[in-house]
Amino acid sequence: MGVLRLAFNIAWFIMGGFIMGLAWWLAGLICIISIIGIPFAKSCFIIGEMTFWPFGQDAINRQNITGHSDIGTGTFGMLGNIIWFILVGFWLAIGHIICAIASAITIIGIPFAFQHLKLAKLTIIPIGQTIISTHQ
């Protein structure tokens, strides 16, 4: 499975993953420049890295790992996700949805479309999420 995952990641990177990864990093730079968005910037760079190589990685709620709520999984996390979505997340979600539609047009692009939809969901609620490896 490792070779197949690598092949999908390389094809993903060449066929659009690079562009969306750069979009995440650009969002991170905008967050840093705004100073208020600095807490969001680190997440942008981490999710941007995941966007470059999404096969074999997933985002899950941090509360599911630790077993308890923290500042990112509680009320402040919800408020942060709302602010994030209004200012930046909406545009990244649209980018992932457009890429998902373009990928789904071809049969071979369907796995890429699913990855874009997974990333679009993460774009809506990134605060309180942790990126994990799904391969052993």
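Everything discussed here concerns the structure shown above.
Residues numbered from 1 in each chain as written. Predicted model: local features only at pLDDT ≥ 70, side-chain atom pairs only at ≥ 80, totals over all residues. Heavy atoms only, no water.

Trainee: I keep staring at a nonpolar patch on the surface and nothing clicks. Help me out?
Mentor: A surface patch of nonpolar side chains, about 880 Å² in accessible area, is lined by Ile-71, Phe-76, Met-78, Leu-79, Ile-82, Ile-83, Ile-86 and Leu-87. Counting through the fold element by element, Leu-87 comes out in helix α4 (residues 75-104). The exposed category is assigned to Leu-87, whose relative accessible area is 59%. (Patch = residues over 30% accessible without salt bridge, like charges linked within 9 Å, V, L, I, M, F, W, Y side chains within 5 Å. Areas by Shrake-Rupley, 256 points an atom, 1.4 Å probe, with all protein chains shown as cover. Salt bridge = Lys/Arg side-chain N within 4 Å of Asp/Glu carboxyl O. Helix = DSSP H or I, 4+ residues; strand = E, 2+ residues; numbered from the N terminus. Buried < 20%, exposed > 50% of the residue type's maximum accessible area, 1.4 Å probe, protein only.)

Trainee: What's the story with the packing of aromatic side chains in this structure? I'm lost.
Mentor: Each aromatic ring pair is summarised here by two numbers: the centre-to-centre distance and the angle between the ring planes. The final tally for this structure, using the stated rule, is 15 aromatic pairs. Taken together, a centroid distance of 5.2 Å and an interplanar angle of 65° make the contact between Phe-13 and Phe-18 edge-to-face. Measuring from ring centre to ring centre gives 6.0 Å for Phe-55 and Phe-112, while their planes differ by 70°; the resulting arrangement is edge-to-face. Of the two residues, Phe-55 is situated in the loop between α2 (38-52) and β1 (57-61) and Phe-112 in helix α5 (residues 110-124); the sequence distance between them amounts to 57 residues. We note that Phe-55, like Phe-112, is buried. Through pairs of rings, three or more aromatic residues link up here, namely Phe-13, Phe-18, Trp-25, Phe-45, Phe-52 and Trp-53. (Phe/Tyr/Trp six-rings, centres within 6.5 Å; stacked < 30°, edge-to-face > 60°.)

Trainee: Sorry if this is basic, but what is going on with the nonpolar core here?
Mentor: Nonpolar side chains tend to gather and get buried jointly when the protein is soluble and globular. Counting 17 residues, the largest nonpolar core has Trp-24, Cys-31, Cys-44, Trp-84, Leu-92 and Leu-122 as its most contacted members. Counting residues per element, this core draws most heavily on α2, which supplies five residues. If sequence neighbours within four positions are ignored, Trp-84 has contacts with Trp-24, Cys-31, Phe-40, Cys-44, Gly-89, Leu-92, Thr-123, Ile-124 and Pro-126. (Core = buried A, V, L, I, M, F, W, Y, C linked by side-chain atoms within 4.5 Å. Contact = heavy atoms within 4.5 Å.)

Trainee: Got a minute to help me understand the layout of surface pockets in this structure?
Mentor: To find leftover empty space, one rolls a probe the size of a water molecule over the atoms. Considering only enclosed or pocket space, the largest pocket measures out at about 430 Å³ in volume. For the largest pocket, the lining is made up of 20 residues, of which Pro-39, Ser-43, Pro-126, Ile-127 and Gly-128 are closest to its centre. At the level of secondary structure, the elements contributing two or more residues to the lining of the largest pocket comprise α2, α4 and β2 (129-133). Examining the composition of the lining of the largest pocket, we find that seven residues originate from one element, α2, more than from any other. When grouped by side-chain class, the residues that make up the lining of the largest pocket number twelve nonpolar, six polar and two charged. (1 Å grid on protein atoms, 1.4 Å probe; cavity = no way out; pocket = protein on both sides within 12 Å on 5 of 7 lines; lining within 4 Å. Points joined across faces, edges and corners; volume = space filled by probe spheres on them. Nonpolar A, V, L, I, M, F, W, Y, C, P; charged D, E, K, R; others polar.)

Trainee: What exactly am I supposed to notice about the environment of Ile-32 here?
Mentor: Mapped onto the secondary structure, Ile-32 falls in helix α1 (residues 2-34). It is 37 Å that separates the C-alpha atoms of Ile-32 and Ile-108, two residues lying 76 residues apart in sequence. Aside from chain neighbours lying at most four places away, what touches Ile-32 is Ile-38, Ala-41 and Phe-45.

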